[in-house]
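Each chain, written out:
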Amino acid sequence: MLLLAHKQLEVYKQARELLKSIYQLTAKFPKEEKYLLVDQIRRAVVSVCSNIAEGSSRLSPAEKKRFYEISRSSLVEIDTQIDISESLGYMTQGELQQLESMMEPVFKMLSKMIRNLSE
């Protein structure tokens, strides 16, 4: 595995923890959701990590910003999907709150990174 700069970023480390939690929680979803909601949530959380990594490798501030914006948008997508999951009874209110508490700092860090690149 390459020793790349994004792996040292706190935002990436926390996004990876979010990814692990989402994979563990969605493994308990009903089988009929495997190719629907589970797939969508997992693709979104992979997108968060992947776009942080790709953005950190870009030289242009505008390109970095765009990838971080995509990553942050994927967090919004996850927020919607876990809200739907909780309303369908696929996760508990406690599990929802756990994921939200993990997502909030990642969202804030990405927002700060985006803001700093806009200045």
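Residues numbered from 1 in each chain as written. Predicted model: local features only at pLDDT ≥ 70, side-chain atom pairs only at ≥ 80, totals over all residues. Heavy atoms only, no water.

*Asks:* Please explain helix H1 (residues 10-26) as it appears in this structure.
*Replies:* Owing to its 3.6 residues per turn, the α-helix brings residues three or four apart onto one side. The end-to-end C-alpha distance of H1, which contains 17 residues, comes to 24 Å, matching closely the 24 Å that a straight helix rising 1.5 Å per residue would cover. Looking at the packing, one finds that the buried side of H1 touches helix H2 (37-57), helix H3 (61-87) and helix H4 (93-118). (Helix = DSSP H or I, 4+ residues; strand = E, 2+ residues; numbered from the N terminus. Expected span 1.5 Å × (residues − 1). Contact = heavy atoms within 4.5 Å.)

*Asks:* Help me understand the nonpolar core in this model?
*Replies:* Generally speaking, a soluble globular protein has its nonpolar side chains buried in company with each other. One finds Leu18, Leu75, Ile78, Leu99 and Leu110 to be the most contacted residues of the largest nonpolar core, which totals 29 residues. Elements that contribute at least two residues to this core include exactly H1, H2, H3 and H4. Not counting residues up to four positions away in its chain, the partners in contact with Leu75 are Leu18, Val48, Met103, Val106, Phe107 and Leu110. (Core = buried A, V, L, I, M, F, W, Y, C linked by side-chain atoms within 4.5 Å. Buried < 20%, exposed > 50% of the residue type's maximum accessible area, 1.4 Å probe, protein only.)

*Asks:* Help me understand the pattern of salt bridges in this model?
*Replies:* Applying the stated criterion to the full structure yields seven salt bridges. As a salt-bridge pair, Glu17 and Lys20 come within 3.0 Å of each other at their nearest N and O atoms. Residue Glu17 and its partner Lys20 are located together in helix H1, separated by three residues, close to a single helical turn. We classify Lys20 as partly exposed; its relative accessible area is 41%. Across the pair Arg58 and Glu54 runs a salt bridge, and its minimum N-O distance is 2.5 Å. Of the residues examined, Arg58 reaches a relative accessible area of 26% and is grouped as partly exposed. With relative accessibility at 33%, the residue Glu54 sits in the partly exposed group. Beyond isolated ion pairs, a larger network of salt bridges with shared partners links Glu54, Arg58 and Glu63. (Salt bridge = Lys/Arg side-chain N within 4 Å of Asp/Glu carboxyl O.)

*Asks:* What is the right way to read the environment of Tyr68 from this model?
*Replies:* Structurally, the position occupied by Tyr68 is in helix H3. In this structure, the C-alpha to C-alpha distance between Tyr68 and Val48, residues 20 residues apart in sequence, is 8.4 Å. In contact with Tyr68, other than residues within four places in its own chain, are Asn51, Ile52, Gly55, Ser56, Leu110, Met113, Ile114 and Leu117.

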